[in-house]
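For reference, the chains in residue letters:
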Amino acid sequence: MRKGRATDGRAEPLRQMRLRPGTASLSARYAMRPVELADAEALLEWRNDFETRRLARTQGVISLRDHMKWLEAAIADEARLYRVLWDVGAEADVPLASVRYDLEPDTGCAEVSILVAPTGRGRGIGRVALEQSLPELRQWRPEVTEVLAVVHENNLASRRLFESTGYTYRDSDGDWRTYVLAL
Ligand SMILES: CC(C)(COP(=O)(O)OP(=O)(O)OC[C@H]1O[C@@H](n2cnc3c(N)ncnc32)[C@H](O)[C@@H]1OP(=O)(O)O)[C@@H](O)C(=O)NCCC(=O)NCCS
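Here goes a summary of the coordinates provided. (Residues numbered from 1 in each chain as written. Predicted model: local features only at pLDDT ≥ 70, side-chain atom pairs only at ≥ 80, totals over all residues.)

1. Comments concerning the site of the ligand
Around the ligand, the surrounding shell holds 22 residues, and the nearest of these are Val116, Arg121, Gly126, Ala157 and Arg160. For the shell around the ligand, the secondary-structure elements that each account for two or more residues are strand 4 (109-116), helix 6 (125-140), strand 5 (146-152) and helix 7 (156-163). Of the residues forming the shell around the ligand, the biggest block, five residues, is contributed by helix 7. Residues that form the shell around the ligand fall into these classes: 10 nonpolar, eight polar and four charged. (Near = placed C-beta within 6 Å. Helix = DSSP H or I, 4+ residues; strand = E, 2+ residues; numbered from the N terminus. Nonpolar A, V, L, I, M, F, W, Y, C, P; charged D, E, K, R; others polar.)

2. Some words on the sheet that holds strand 1 (residues 30-34)
Ordered in space as 1-2-3-4-5-7-6, the seven strands form an open sheet in which the pairing is mixed. Both outer strands of the open sheet, strand 1 and strand 6 (168-172), are each paired with one neighbouring strand and no more. Here the strands of the sheet are splayed against their neighbours by 30 degrees on average, with no regard to which way each runs. One ladder, built from five bridges, connects strand 1 with strand 2 (residues 80-87); its direction is antiparallel. Along strand 2, the bridge assignment pairs Met32 with Leu85. (Pairing = 2+ DSSP bridges. Axes fitted to C-alpha atoms, helices over the stretch in contact; angles between N-to-C directions.)

3. So, the packing of helix 3 (residues 40-48) against helix 5 (residues 64-76)
When two helices pack together, their arrangement is given by the angle between their axes and by how far apart the axes lie. Where helix 3 meets helix 5, the closest approach of the two axes is 10 Å, and the angle between their N-to-C directions is 115 degrees. Comparing their axes, helix 5 and helix 3 come out roughly perpendicular. Crossing handedness for the pair helix 3 and helix 5: right-handed. Where helix 3 abuts helix 5, its residues Ala40, Leu43 and Leu44 lie against Leu64, His67, Met68 and Leu71. (Parallel < 35°, antiparallel > 145°, perpendicular 65-115°, else oblique. Left-handed = near helix turned anticlockwise from the far one by under 90°. Contact = placed C-beta atoms within 7 Å.)

See the structure below:
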């Protein structure tokens, strides 16, 4: 059952977490739901985090105004599946990570983007979010046969994440490497 939203200290449940005992037990604790406009503040904070921007394709700080416009369009876009992972056992509905699949027209491909709350990184949340989003992708668009992930060469956490969740390395242009998951 969904909980009330956190009114302050959004990151507090993350600070209390001590994760990585193994993803099976983590998976039971977390669930995915559609992104909502009420998630805007958290998503913007994660996107504007220094570490996120350092290894992103667009590195500038995004304003709240631009973010709101982008988020509204992203939620309404039928070629995008946009989900957040949240802790079912927490007192408030605090998003922990987001996963987005952008459909590429007429190719059977979707590109995945994943973002974990900065205070929750390195605890296995990225893996759980990626794994839990796959059945949703399959249900949303059964015709998708390939998922692509484009990762900066220096993004070791992201490279490791995709390499350990079934994606295979395809190629690199020297800065960006592409991974592929065959469905
Ligand atoms: C990349 C990101 C999604 C990874 O999520 P995460 O929850 O921190 O990762 P996890 O804890 O699930 O770890 C996944 C793997 O990466 C490894 N890892 C995590 N942090 C790492 C780091 N800083 N350096 C090297 N490896 C790391 C883990 O050991 C794990 O590998 P293992 O299963 O072999 O042990 C997260 O760090 C993030 O949101 N970064 C900013 C946005 C981004 O780069 N998105 C990806 C671009 S598509």
